[in-house]
Amino acid sequence: MYANGFMSALDRAAIWITRMAHLNVLWLFYCLRGLVIGGFFPATVGCLSVARKWLRGEQDVKVSEQMKKGYKQEFFTSNILGWVMVLIGVVLYLNYQVMKASTADIPFLVPFFFFAMLFFYLLVLVWAFPLMAHYNGGILQHMKNAIVIGLTKLHISVAISITLFSLVYLSLEYPTIILFFLFSLGSLIWYWLASRIFQKLDQSKSIQHNHSS
């Protein structure tokens, strides 16, 4: 009986490893399909949409079809949001470099506002894409809800940030992870953490969104 239980657990582990590798390869395929510039963000939303199905118990979902659906459905919205965030990130980085290089005394309010903007920027990065995978809505709506949820559920925001940073750090140490697990595993954990909040919001109906199919 113990041997049968062990083999059953081994089979389930092998199935999940295969699923994760498959999803990661699909992410790379769709990212390259959009020439990276146009594929990175919709491929990420596609990954999150597959993770959503899995975590809702839909283990037999056709991963390729769901990935394609999530990619196409949010192609323009995710790209607009993603590249707006990239642009804001570049501006924040340049402002930081200017402050760092400045030899004059900088008023206290300048770094205060900078770090406040950086904080809200990170909240949008952490929450906007899972929101996009879970709900239908416009870009400004996703950004607004990302800030509201991020502020009220700060512990989850920190957990997601640490998780994603750790995975990126590990992938730099072990580049093979990028090919087989980085984006699929990251999306699964990312959405799992976010979904704990979404479930409560859905029950309380305190968020103005329609569900994604």
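It should be emphasised that the depicted structure is a prediction, and the values quoted were computed from it without experimental measurement. (Residues numbered from 1 in each chain as written. Predicted model: local features only at pLDDT ≥ 70, side-chain atom pairs only at ≥ 80, totals over all residues. Heavy atoms only, no water.)

1. Let's talk about the confidence of the model for the chain
In the predicted model, the chain carries a mean pLDDT of 91, and 93% of its residues have values of at least 70. Element-level pLDDT for the chain is lowest in strand E2 (residues 210–211), with a mean of 68, against a maximum mean of 97 in helix H2 (residues 40–55). (pLDDT = per-residue confidence, 0-100. Helix = DSSP H or I, 4+ residues; strand = E, 2+ residues; numbered from the N terminus.)

2. Section: a nonpolar patch on the surface
Nonpolar side chains collect at one region of the surface, where Ile37, Trp83, Val86, Val90, Tyr93 and Leu94 lie side by side and expose about 580 Å² of accessible area between them. Mapped onto the fold, tyrosine 93 is located in helix H4 (residues 75–101). (Patch = residues over 30% accessible without salt bridge, like charges linked within 9 Å, V, L, I, M, F, W, Y side chains within 5 Å. Areas by Shrake-Rupley, 256 points an atom, 1.4 Å probe, with all protein chains shown as cover. Salt bridge = Lys/Arg side-chain N within 4 Å of Asp/Glu carboxyl O.)

3. Structural notes on the pattern of salt bridges
Counted by the stated rule, this structure contains two salt bridges. A salt bridge links glutamate 58 to lysine 53; the shortest N-O distance between them is 3.7 Å. Overall, glutamate 58 belongs to the partly exposed group, its relative accessible area being 31%. (Buried < 20%, exposed > 50% of the residue type's maximum accessible area, 1.4 Å probe, protein only.)

4. Re the layout of surface pockets
Each pocket or cavity is described by its volume, and for the largest pocket that value is around 710 Å³. Lining of the largest pocket is provided by 25 residues; of these, Phe40, Leu164, Val168, Phe183 and Trp190 occupy positions nearest its centre. Here the lining of the largest pocket takes seven residues from helix H7 (residues 154–173), the largest share from any one element. When its residues are assigned to classes, the lining of the largest pocket shows 19 nonpolar, six polar and no charged. Each pocket or cavity is described by its volume, and for the second largest pocket that value is around 200 Å³. Going through the elements one at a time, H4 and helix H5 (109–134) are the ones with two or more residues in the lining of the second largest pocket. When residues of the lining of the second largest pocket are assigned to their parent elements, the largest contribution, six residues, is made by H5. Considering only residue class, the lining of the second largest pocket consists of 10 nonpolar, one polar and no charged. (1 Å grid on protein atoms, 1.4 Å probe; cavity = no way out; pocket = protein on both sides within 12 Å on 5 of 7 lines; lining within 4 Å. Points joined across faces, edges and corners; volume = space filled by probe spheres on them. Nonpolar A, V, L, I, M, F, W, Y, C, P; charged D, E, K, R; others polar.)

5. Looking at empty space enclosed by the protein
Under the counting rule described, the total for this entry stands at one cavity of 30 Å³ or more. What lines the largest cavity is a set of 12 residues, among which Ser49, Gly70, Gln73, Ala133 and Ser212 lie closest to the centre. Going through the elements one at a time, H2, helix H3 (63–73) and H5 are the ones with two or more residues in the lining of the largest cavity. Broken down by element, the lining of the largest cavity gets its largest block of residues, four residues, from H3. Split by residue class, the lining of the largest cavity holds three nonpolar, six polar and three charged.

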